[in-house]
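Notes for the structure review
Now for the letters of each chain:
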Amino acid sequence: MDLTAVRNFVKHRTAGKLDMAVQTMAPDITWHAVSRELVTGREGVLALWKKQEAEGMRNSQVASWSVVPEYDQANQDGLKYDDDASLTTYIARRMLMITTPEGAFEASQTASVKNGVIIRVAVTRCAQRPEPDTNPRELCNRFTLLRVEGDNEGAAMCLSPDVDWIRFQDASLFAPSEAMSDPHTIGRERVIQLWTEQVAQGLERHPTTVWMPDSGTDLFSREMLLKNPSRTNKVKRVKQYATVKNGFICKIDHANLADTVDD
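These notes cover the structure that comes with them. (Residues numbered from 1 in each chain as written. Predicted model: local features only at pLDDT ≥ 70, side-chain atom pairs only at ≥ 80, totals over all residues. Heavy atoms only, no water.)

**Some details on the overall build of the protein**
- When helices and strands are counted, the protein shows six helices and 13 strands.
- Across its three principal directions, the C-alpha atoms of the protein cover 60 × 40 × 35 Å.
- Within the protein, the proportion of its 263 residues that are buried is 45%.
- Of all intrachain contacts in the protein linking residues separated by at least 6 positions in sequence, the fraction that spans at least 24 positions is 53%.
- In the structure as shown, the protein presents an accessible area of about 13300 Å², 50% of it carried by carbon and sulfur atoms.
- Once the 32 positive and 36 negative side-chain charges of the protein are each reduced to a mean point, those two points are 3 Å apart. (Helix = DSSP H or I, 4+ residues; strand = E, 2+ residues; numbered from the N terminus. Buried < 20%, exposed > 50% of the residue type's maximum accessible area, 1.4 Å probe, protein only. Contact = heavy atoms within 4.5 Å. Areas by Shrake-Rupley, 256 points an atom, 1.4 Å probe, with all protein chains shown as cover. Lys, Arg positive; Asp, Glu negative; His and termini not counted. Charge placed at Lys NZ, Arg CZ, Asp CG, Glu CD.)

**Some points on the pairing of strand β13 (residues 248-261)**
- Pairing analysis gives three bridges linking strand β7 (residues 159-166) to β13, with the strands arranged parallel. Of the residues in β13, the one forming a bridge with Trp-165 is Ile-252.
- Between the end of strand β12 (residues 234-245) and the start of β13, which pair antiparallel, lie two residues, with Asn-246 showing a positive phi angle near 55°. (Pairing = 2+ DSSP bridges.)

**Overview of the pattern of salt bridges**
- A full pass over the atoms with the stated rule returns eight salt bridges.
- As a salt-bridge pair, Glu-53 and Arg-13 come within 3.4 Å of each other at their nearest N and O atoms. Of the two residues, Glu-53 is situated in helix α3 (residues 42-54) and Arg-13 in helix α1 (residues 4-14); the sequence distance between them amounts to 40 residues.
- For Arg-13, a relative accessible area of 18% translates into the label buried.
- For Asp-72, the salt bridge goes to Arg-93, with nearest N and O atoms at 3.3 Å. Note that Asp-72 is positioned in the loop between β3 (58-67) and β4 (90-100) and Arg-93 in strand β4, a separation of 21 residues in sequence.
- Residue class for Asp-72 comes out buried when judged on its relative accessible area of 19%.
- Relative accessible area serves as the criterion here: at 23%, Arg-93 is assigned to the partly exposed category.
- Bridged by salt links that share partners, the residues Asp-170, Lys-234 and Lys-236 form one connected network. (Salt bridge = Lys/Arg side-chain N within 4 Å of Asp/Glu carboxyl O.)

**Re empty space enclosed by the protein**
- Taken as a whole, this structure holds one cavity of 30 Å³ or more when the rule is applied.
- What the largest cavity holds in volume is close to 100 Å³.
- Taken together, 13 residues form the lining of the largest cavity, with Trp-165, Gln-198, Arg-205, Gln-240 and His-254 sitting closest to its centre.
- Counting residues per element, the ones that place at least two in the lining of the largest cavity are α4 (136-148) and β11 (219-227).
- Counting residues per element, the lining of the largest cavity draws most heavily on β11, at three residues.
- Tallied by class, the residues present in the lining of the largest cavity amount to six nonpolar, three polar and four charged. (1 Å grid on protein atoms, 1.4 Å probe; cavity = no way out; pocket = protein on both sides within 12 Å on 5 of 7 lines; lining within 4 Å. Points joined across faces, edges and corners; volume = space filled by probe spheres on them. Nonpolar A, V, L, I, M, F, W, Y, C, P; charged D, E, K, R; others polar.)

**Let's talk about the layout of surface pockets**
- By volume, the second largest pocket amounts to about 450 Å³.
- His-32, Ser-108, Ala-122, Val-123 and Thr-124 are the residues nearest the centre of the second largest pocket, which is lined by 23 residues in total.
- Breaking the lining of the second largest pocket down by element, the ones donating at least two residues are β5 (103-114) and β6 (117-125).
- Here the residues of the lining of the second largest pocket sort into eight nonpolar, seven polar and eight charged.

**A short note on the packing of aromatic side chains**
- Applying the stated criterion to the full structure yields six aromatic pairs.
- Each ring, one from Phe-9 and one from Trp-49, has its centre 6.1 Å from the other, and the planes form 40°; the classification is tilted. With Phe-9 in helix α1 and Trp-49 in helix α3, this residue pair connects regions lying 40 residues apart in the sequence. Grouping residues by exposure puts Phe-9 and Trp-49 together as buried. (Phe/Tyr/Trp six-rings, centres within 6.5 Å; stacked < 30°, edge-to-face > 60°.)

As structure tokens, this is what we get:
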């Protein structure tokens, strides 16, 4: 395959020549950002890049472009490789390390190219198992980033296999199923099931502070607001505690701080 389009994109993007980088793309390019934002058009992509840079996001390539099979689920546009005799229609993927002020994580970048022009790009966070020497507070930060991105499997990798998740209790915000009625949820898979139920019922989490050391060397805490506009106008302010041992979060607990009403 002729990878000129994606290679030129990387060359110009790396050199900071943003206007030239977007010229490798179709005027109606569709860009799926790692933040799950969806932007269209060259101007939209430029605005996204500038916003990301202003927020301190940087990326570097850790694995170069490789062509993925036509049947890959990333082929949302029904591209047919054999229909292009010039070999400029394909889907290619590379791996990135994305660094933000909160931490670093791996992501894949997938580009759909039609007749030598990039028509779609998707940047997707990878589920990363924490390294053995990850700083405990950084482990909590990585967990938060994965949860915010909706990557439940990746977030669960930050938890110990037998994690004890003690959920908050407020039926006006979340009514667990019978299977999840116990306040203590044990194990990664069960925790993912809990998260799935909470999202399905419309529960929203809005962190208001970053993770900070609490009492003891293994305990960290942060504050967040819990909302469920589909059920109530109540806003619950809680403190979330994470206990980290042996490179994993082994316990999560919640303490109620205040209940208010969202006007």
